[in-house]
Amino acid sequence: MHLHPVMRYNPDKHHRRSIRLKGYDYSSPGGYFLTLCTHERKCLFGEIQNGRMILSDWGAIVAEEWKKSAQIRQEIELDVWVVMPNHFHGIVFITDVGVSGDSSQHPHRTDKKGIMPLMKPKSISSLMAGFKSATTKRINQLRNASVTPVWQRNYHDRIIRDEAALQTIRQYVRNNPQQWQIDQMHPENPSK
């Protein structure tokens, strides 16, 4: 029997590339378009019937936790959003500059081992981490699978820079269920 050696984290070898806009303060007031995909893009959250999303129990949890996000986090406002079979889209606004604080206060905070930078409180990354954690915990309790991944490791964001972009993204989110058959995240889409 051949055993593989345990690989330890080495910051010189193991680079986790960020897909965030370099140098941008994601706790800044403004609009953000967020997309989260399920682990391995499995259709966990329901199905599309006649252009409408029919939520599974797990999809209902995603919807409930998204709504709770605005109650828990005073600095955000939710705009349009949709739970899809294997992903989630939402527009969120960070509204209170005074709440987010000065980005220079803790520029190099790390975890206890000094390895990874900690998330800035009241930021998009903090929102996403809390949302993903809450949904994963509840879904895994329901399916009796405590360590099974629900989401892909990261998420996609787009900073909404003007009213025209906001209107275009709102329309895309609203129409996403009707466009499911041609969506690039559809499991049978030949272009993926």
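Residues numbered from 1 in each chain as written. Predicted model: local features only at pLDDT ≥ 70, side-chain atom pairs only at ≥ 80, totals over all residues. Heavy atoms only, no water.

Visitor: Looking at this structure, I do not really get the overall build of the chain. What am I missing?
Guide: Helices and strands together make up the secondary structure of the chain, namely four helices and six strands. Shown N-terminal to C-terminal, the secondary structure of the chain runs as helices and strands in the order β-β-β-α-β-β-α-α-β-α. In the chain, 65% of the contacts between residues at least 6 apart in sequence involve partners at least 24 apart. Summed over all atoms, the accessible surface of the chain reaches about 12300 Å², with 52% contributed by carbon and sulfur. (Helix = DSSP H or I, 4+ residues; strand = E, 2+ residues; numbered from the N terminus. Contact = heavy atoms within 4.5 Å. Areas by Shrake-Rupley, 256 points an atom, 1.4 Å probe, with all protein chains shown as cover.)

Visitor: Could you clarify how one ought to interpret the sheet that holds strand β5 (residues 87–94) in this entry?
Guide: Hydrogen bonds along the backbone pair up the strands of a sheet, which may run parallel or antiparallel. Spatially, four strands are ordered β4-β5-β1-β6 in an open sheet, and the strand pairing comes out antiparallel. Each of the sheet's edge strands pairs with one partner strand only, and the pair in question is β4 (76–83) and β6 (156–160). Pairwise comparison of adjacent strand axes, ignoring direction, gives a mean angle of 15 degrees for this sheet. Pairing analysis gives five bridges linking strand β1 (residues 30–37) to β6, with the strands arranged antiparallel. By the bridge assignment for β6, F33 is matched with R158. Strand contacts of helix α1 (residues 57–72): β1, β4 and β5, with the helix running at about 165 degrees to β4, the strand carrying the most contacts. Sheet contacts for helix α3 (residues 124–142): β1, β4 and β5; angle to β1, the most-contacted strand, approximately 35 degrees. (Pairing = 2+ DSSP bridges. Axes fitted to C-alpha atoms, helices over the stretch in contact; angles between N-to-C directions.)

Visitor: Mind showing me how you'd approach the confidence of the model for the chain here?
Guide: Low pLDDT means the predicted atomic positions in that stretch should not be read closely. Summarising the model, the chain shows a mean pLDDT of 80, and 71% of its residues fall at 70 or more. The weakest mean pLDDT in the chain belongs to helix α2 (residues 97–100) at 43; the strongest belongs to strand β3 (residues 52–55) at 97. Taken together, the stretch residues 13–18 has pLDDT below 50 and engages in six contacts with residues farther than four places along the chain or on a different chain. Low pLDDT, under 50, characterises residues 97–118; the stretch is placed with 24 contacts to residues that sit more than four places away or in other chains. (pLDDT = per-residue confidence, 0-100.)

Visitor: Help me understand the packing of aromatic side chains in this model?
Guide: Geometrically, a pair of aromatic rings is defined through the distance of the ring centres and the angle of the planes. On inspection of all chains with the given rule, the structure shows seven aromatic pairs. On the numbers, 5.2 Å between centres and 50 degrees between planes, the contact of F45 with W151 is tilted. With F45 in the loop between β1 and β2 (46–49) and W151 in the loop between α3 and β6, this pair connects stretches of sequence that are 106 residues apart. When its relative accessible area of 7% is taken as the criterion, W151 is described as buried. Judged by centre distance (6.0 Å) and plane angle (40 degrees), the rings of F131 and W151 are tilted. Of this pair, F131 sits in helix α3 while W151 is found in the loop between α3 and β6, placing the two residues 20 residues apart along the sequence. For F131, a relative accessible area of 3% corresponds to the buried category. Every member of this aromatic cluster is reached through a ring pair, and the members are F45, W66, W81, F88, F131 and W151. Here the guanidinium or amino end of R143 rests over the ring plane of W58, the centre of that ring lying 5.0 Å away. (Phe/Tyr/Trp six-rings, centres within 6.5 Å; stacked < 30°, edge-to-face > 60°. Buried < 20%, exposed > 50% of the residue type's maximum accessible area, 1.4 Å probe, protein only. Lys NZ or Arg CZ within 6 Å of the ring centre and 35° of its normal.)

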